[in-house]
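Residues per chain, in single letters:
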Amino acid sequence: MERLLPWLSEKRPEIVCLQETKCVDEAFPREPIEELGYSLVTFGQRTYNGVAILAKGGIEDVIRGFGDERFDDEARVIGATVEDVMVLNLYVVNGQSVGSESYDFKLSWLERLRDFVRERYDLAEKVVLLGDYNVTIDDRDVHDPELWKGRILCSAPERAALQALMAEGYSDPLRKFTEEAGHHTWWDFRTRGFQRGRGLRIDHALLSPPALEACTAFEVDREARDGAKPSDHAPVIVTLD
DNA sequence: ATGGTGGGTTCCCCA
């Protein structure tokens, strides 16, 4: 909250999606956010996971989870409509390491996400599928592709699962503006990755065709990753006209 | 192949 509130005041985004809130809904600190003119919806649990949507406009048609008991005991999905934009906010399973039980769960989870998206959303609408995907799209998202080759966040099956979602009709807006590598969104605390400039791009905002058409800017707010007690992620800011 | 840092809870787990 010490970092979010000043950031909200400075940037004033229309919609903000949070992941890893690690907080039950009853305990969520709503008032300081509402005082800044935002309404919010949350889907949280103690210690792990948790997602929230904040918006200056009205938040409607809220959904929590996939509606599938195999996945919904972990609070990783919240969706809503804000004006003409349908938002799905995701905290994708990390997967720990390639071949682990958690990794298999991650691949199943991504498959379920694809089915959910196919069932729920109309590609003729402005749809934004965003959040911490815990997957790099390709090697341009990796500071050192040789080092990361085949590892968690970069393995071929994870990327294939993300590609399958994108193949439903959702595009990475960064590639509307540039083909260059970089634009990292996450840096590991353990290796002091941010200080060393060794990051990954694992946070994405995938857009339906009308949303992509309306998209006029893409930015990673690296400043928000700096300073005292930062998140290990930097916010991705996508502008739709 | 390993460990490093950080947060939150419990003396360990997850990222």
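What counts, and at which threshold
- Residues numbered from 1 in each chain as written.
- Chains lettered and ligands numbered in written order.
- Predicted model: local features only at pLDDT ≥ 70, side-chain atom pairs only at ≥ 80, totals over all residues.
- Heavy atoms only, no water.
- Helix = DSSP H or I, 4+ residues; strand = E, 2+ residues; numbered from the N terminus.
- Near = heavy atom within 4 Å.
- Polar contact = N/O pair within 3.5 Å; in protein donor to acceptor, adjacent residues only side chain to side chain.
- Nonpolar A, V, L, I, M, F, W, Y, C, P; charged D, E, K, R; others polar.
- Salt bridge = Lys/Arg side-chain N within 4 Å of Asp/Glu carboxyl O.
- Buried < 20%, exposed > 50% of the residue type's maximum accessible area, 1.4 Å probe, protein only.
- Contact = heavy atoms within 4.5 Å.
- Pairing = 2+ DSSP bridges.
- Right-handed = clockwise from strand over helix to strand, strands pointing away.

## Observations regarding unusual backbone geometry
Phase 1 of the analysis: In this model, Asp61 sits at a positive phi of 50 degrees, which is unusual for a non-glycine residue.
Phase 2 of the analysis: When you line up the elements, Asp61 lands in strand S4 (residues 59-64).

## A look at the protein's contact with DNA strand B
Phase 1 of the analysis: All residues adjacent to DNA strand B are Arg46, Thr47, Tyr48, Tyr91, Asn94, Gln96, Phe189, Arg190, Thr191, Arg192 and Lys229.
Phase 2 of the analysis: Sugar and phosphate atoms constitute 60% of the interface atoms of DNA strand B, taking the interface as everything within 4 Å of the protein.
Phase 3 of the analysis: Between DNA strand B and Phe189, the relevant distance is 3.2 Å, taken from a sugar or linking oxygen to a main-chain nitrogen or oxygen of the residue.
Phase 4 of the analysis: In this structure, a base nitrogen belonging to DNA strand B sits 3.5 Å away from a side-chain N or O atom of Arg190.
Phase 5 of the analysis: In terms of residue class, the surface near DNA strand B is built from 3 nonpolar, 4 polar and 4 charged.

## With respect to the pattern of salt bridges
Phase 1 of the analysis: Under the defined criterion, the tally for this structure stands at 20 salt bridges.
Phase 2 of the analysis: Among the salt bridges present, the one from Glu168 reaches Arg118, with a minimum N-O distance of 3.0 Å. One end of the pair, Glu168, is in the loop between helix H5 (156-166) and helix H6 (174-177); the other, Arg118, is in helix H3 (residues 101-120), and 50 residues separate them in sequence.
Phase 3 of the analysis: Judged by relative accessible area, which is 45%, Arg118 ranks as partly exposed.
Phase 4 of the analysis: What you see here is one network of salt bridges that share partners, running through Arg114, Asp115, Arg118 and Glu168.

## A short note on the side chain of Arg225
Phase 1 of the analysis: Residue placement: Arg225 occurs in the loop between strand S9 (215-220) and strand S10 (236-240).
Phase 2 of the analysis: Here the side chain of Arg225 touches Asp232 through a polar contact of 3.1 Å, landing on its backbone oxygen.
Phase 3 of the analysis: Apart from residues lying up to four places away in sequence, Arg225 is in contact with Arg3, Trp187, Phe189, Phe194, Pro230, Ser231, Asp232, His233 and Ala234.

## Details of the pairing of strand S6 (residues 85-91)
Phase 1 of the analysis: In terms of burial, S6 is a largely internal element, 7 of the 7 residues being buried.
Phase 2 of the analysis: Residues Val85, Val87, Asn89 and Tyr91 line one face of S6 and the alternating positions Met86, Leu88 and Leu90 line the opposite face, and both faces are buried.
Phase 3 of the analysis: Direction of pairing for strand S5 (residues 77-82) relative to S6: antiparallel, over a ladder of 6 bridges. Bridge assignment links Ala80 to a residue of S6, and that residue is Val87.
Phase 4 of the analysis: Counted along the chain from S5 to the antiparallel partner S6, the turn is 2 residues long, and its residue Glu83 has a positive phi close to 50 degrees.
Phase 5 of the analysis: Where S6 lies against strand S7 (residues 126-132), 7 bridges are found, and the strand directions are parallel. Each bridged residue has a counterpart across the sheet, and for Val87 the counterpart in S7 is Val128.
Phase 6 of the analysis: Handedness of the S6-H3-S7 crossover: right-handed.

Structural measurements only, silent on function.
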